[in-house]
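Architecture and fold: a report
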Amino acid sequence: MTRVKNQLHATILVTGIVQGVGFRPFVYRIAKRHQLRGFVRNRADAVVEIVVEGEKAGIDDFMQALYKEKPPLARLDSVRVDYSEVEVGLGDFAIQASSRARTESGSVIPPDIAICNDCLSELMSPTDRRHRYFFVTCTNCGPRYTTILGVPYDRSNTTMRQFPMCSQCRTDYTSPLDRRFHAQTIACQDCGPDIALLDGAGVMVDVKDPITEAGRLLSSGKVLALKGNGGFHLAASALRDEPIKRLRQSKDRRKKPFALMARGLEATLTFADVSSCERELLDSYIRPIVLLHKKEPFGLSGLVSPDLDSVGVMLPYTGMHYLLFDAITDAALIMTSANAPNEPIITETQHAVQKLKGVADYFLVHDREIAQRADDSVIRCLGDTPTPIRRSRGYAPAPIVLSKTFRTKTLALGAELNVAACMILGNKAYLTQHIGDTETVETAKFLQDAVSHLQRLIGFEPDSVACDLHPKFTTTKIAERISKELEIPLERVQHHEAHAGSLMAEHEVEELVGIVCDGFGLGYENEAWGGEVFVCHGSDIRRSAHLEEQPMVGVDLATRYPVRMVAGILRDVPTILDWLKHNSSKLPGGEVEIPIIVRQLERKDFVWTSSCGRILDSVAALLGICYERTYEGEPAMKLEAHSRGGVDQLNLQAEIEGSVIRTSNMVRAVYDRKTELSVRDLAFSAQAYMARALSAAAIREAKAEGISTVGFSGGVGLNEVISQMIRKHVSDAGLQYVSNSAVPPGDGGISLGQAYLASLRQPS
Ligand SMILES: [Zn+2]
Ligand SMILES: [Zn+2]
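Below, the structure is looked at part by part. (Residues numbered from 1 in each chain as written. Chains lettered and ligands numbered in written order. Predicted model: local features only at pLDDT ≥ 70, side-chain atom pairs only at ≥ 80, totals over all residues. Heavy atoms only, no water.)

1. Details of the pattern of salt bridges
- Throughout the structure, instances matching the rule amount to 48 salt bridges.
- Among the salt bridges present, the one from R75 reaches D77, with a minimum N-O distance of 3.4 Å.
- Classification of D77 by relative accessible area gives partly exposed; the value is 29%.
- One salt bridge in this structure joins E701 and R700, with 3.2 Å as the shortest N-O distance.
- Judged by its relative accessible area of 10%, E701 falls in the buried class.
- Classification of R700 as partly exposed rests on a relative accessible area of 34%.
- Among the ionic contacts, a cluster of salt bridges with common partners joins D309, R380, E640, R644 and E720. (Salt bridge = Lys/Arg side-chain N within 4 Å of Asp/Glu carboxyl O. Buried < 20%, exposed > 50% of the residue type's maximum accessible area, 1.4 Å probe, protein only.)

2. Section: the packing of aromatic side chains
- Under the definition given, this model contains 10 aromatic pairs.
- Consider the rings of Y133 and F134, whose centres lie 5.2 Å apart with planes at 65°: the pair is edge-to-face.
- Of the residues examined, Y133 reaches a relative accessible area of 3% and is grouped as buried.
- Residue F134 is classed as buried on the basis of its relative accessible area, which comes to 4%.
- Consider the rings of F406 and Y756, whose centres lie 5.8 Å apart with planes at 90°: the pair is edge-to-face. Here F406 is found in strand β17 (residues 400–412), whereas its partner Y756 is found in helix α23 (residues 750–761), with 350 residues between them in sequence.
- Ring pairs connect the aromatic residues Y28, F93 and F181, which therefore count as one cluster.
- The ring of F298 carries K294 above its face, with NZ or CZ at 5.0 Å from the centroid.
- In this arrangement the basic side chain of R373 is found over the ring face of F446, its NZ or CZ atom lying 4.6 Å from the centre. (Phe/Tyr/Trp six-rings, centres within 6.5 Å; stacked < 30°, edge-to-face > 60°. Helix = DSSP H or I, 4+ residues; strand = E, 2+ residues; numbered from the N terminus. Lys NZ or Arg CZ within 6 Å of the ring centre and 35° of its normal.)

3. So, the coordination of the zinc ion (ligand 2)
- Around the zinc ion (ligand 2), the protein contributes the donor atoms C166 (SG), C169 (SG), C188 (SG) and C191 (SG), which lie 2.2 to 2.4 Å from the metal centre.
- One can describe the donor arrangement at the zinc ion (ligand 2) as tetrahedral, given that its 4 donor atoms subtend angles of 104 to 115° at the metal.
- Going along the chain, you hit the donors of the zinc ion (ligand 2) in the pattern C-x2-C-x18-C-x2-C. With C166 in the loop between α3 (117–124) and α4 (167–174) and C191 in the loop between α4 and β6 (195–199), this residue pair connects regions lying 25 residues apart in the sequence. (Donors = N, O, S within 2.8 Å, 3.2 Å for Na, K, Ca; no water. Tetrahedral: all angles 85-135°; square planar, octahedral: opposite > 155°, others 65-115°.)

4. Points about the nonpolar core
- Among the nonpolar cores identified, the biggest contains 92 residues, and I12, F23, V27, I50, V52, F62 and L66 are the most heavily contacted of them.
- Once you skip the residues sitting within four places of it in the chain, I50 turns out to touch A10, T11, I12, V14, F23, V27, F39, V40, F62, L66 and F93.
- Counting residues in hydrophobic clusters, the runner-up holds 72 residues, among them V566, V573, L677 and I726. (Core = buried A, V, L, I, M, F, W, Y, C linked by side-chain atoms within 4.5 Å. Contact = heavy atoms within 4.5 Å.)

5. Considerations on the packing of helix α21 (residues 679–705) against helix α22 (residues 720–732)
- The contact between α21 and α22 brings their axes to 9 Å, and the two run at 40°. Taken together, the axis directions place α21 and α22 in an arrangement best described as oblique. Remark: the crossing between α21 and α22 carries right-handed chirality. Taken together, the residues of α22 that come into contact with α21 (itself represented by F684, Q687, A688, A691, R692, S695 and I699) are V721, I722, M725, I726, H729 and V730. (Axes fitted to C-alpha atoms, helices over the stretch in contact; angles between N-to-C directions. Parallel < 35°, antiparallel > 145°, perpendicular 65-115°, else oblique. Left-handed = near helix turned anticlockwise from the far one by under 90°.)

Pasting the structure below:
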């Protein structure tokens, strides 16, 4: 054995997001620059292992460069270095074949990344080899999570494995200075996935350029199903009413807004306002759907987002999207996830042809398999705070870093709607992509598949499992089964406490007064909660105040038809019967439903609820804004839309009696003055009252308990009017305000709170 003088040998293990982001090529280049010998390789635990040998000064400079110059998409969570003397002497620096080593956990491959500017200019450049190739990508961009079958992130572990590289692509792939050096999604016209146009019956249409033809068909009013990276979209013209009407009928989606894909920022500005917070999100490599304020006049079909002042917009994120817009002059297209009602987004062509029969006139499909589904993410800027509505493509599976490190590994399954599961491992929380409403067999299966996939990727075996208090949720049943099978503890976490927990996890606070408002969650005594104020000392949580309980006449019917909520809240108002009769056409049963409601009230045949959503719904019905909830949050969203620019004319004082925040008098005031004041001002005043009263109750508790942070979560947290007013009241009281920005305030973020509180409750 010959010792080499003045030289060192270093073994470096890098965890974080280091595979699939051009990290090995980067390491190769800096190692060469500092004249080091050795190698770099991916490992099966998603860690990158580097071994270098050379002068000490060279290794020091290399280590500095590793941090300072890391590729934009890489994330270094920990870098462990072991130095020793040089004994054997390694050869020239090289990228080695991946190792099967799996000793670390928590490293993960990146989310999908939108096409980069270099690839985009190649796509559009007639002299480039990849000119007009719809799946052009490089080490800096392209799908990742949706193509990965397992780790390490090697081509053989992705859905690209069925496409052997052509000789030119292989040259790019093996050239250290090429942008596609070891880019696993590398492809071109000659060797990569192919694209084809199918008619409504799934029969191939003979066209030279399927994408250009697809664009022409869309512009002419046809509905197309497009296979993307993470699933199928349904696309249609955003200018014409007719295809949108057809989409609404076939998707059983009468009024729910459709998202748009706009040609670019400039095109977006023709129909929507864009703030700097929104612009940054639109343009980011995540390319989420961003909720924007519509311009007046809107310019696109009124059927895109009827009765709302907002519209969801994303920018193109694959070569295929850019080529589609290249073929047309439209500013934007409808682009919505293609799925059967309450089923996950469709990923297979045969399945699409079968399920979308009569909906899609044509199919634009490629022949690469989709490994993991991923719906588009949806974000809304509340003030300058980007707030996720749906956290999926572009975010999953990147973890959220916590301030605490937990020894217990907890899996949390969420509630019933908008489910995303969460795993806490050490000081990180990993959320799955958006799963959806877990009422069907298909979504329940998707949830379990996504959970096991993520477990495999990060090397996670739970030793505790968390779910909602609700015994009938699908997620509860799955959690119970896991707990039994693995013989691990099951933690049932109250719905709204979990929302508050998500704030504590995100903001690294141990003490918090949490305002949590949404539609429904089960309380400890089987009550219907939804407008709660909690005092939280870690996992020790006390419900200190709540909205006045109101009767839900007909329970689920009262959620669907808010006229029934009004009947309950204003049951003692002498003229309410006249109002009900006058509005009986807004109930499915018409006039005959009125005596039924009256009887139900007399016999106290209803359940009480402290839900904030139901109060907002009833104001929406009173003001004639919305009489039927055809999608989650519809009446409340329309109330907010109609209040824009309004003034608080009621100016009601916060009415709090003990632990009860009164709401009846506010609803009564809206009723009494609806002929005198404008709908806009009354809609605004009602929300202003809710914000004022909830803030007052929370501030009172914070001062009494000496807690300096007040947070706001739950689905109502997405209401800009209410959330911004609560923010102001809390700040004016000299307290710190927090809201969700890493996970949705709605049920899409509840699993983080469940996992966090369950972890706190485990003995450490
Ligand atoms: Zn690229
Ligand atoms: Zn090729």
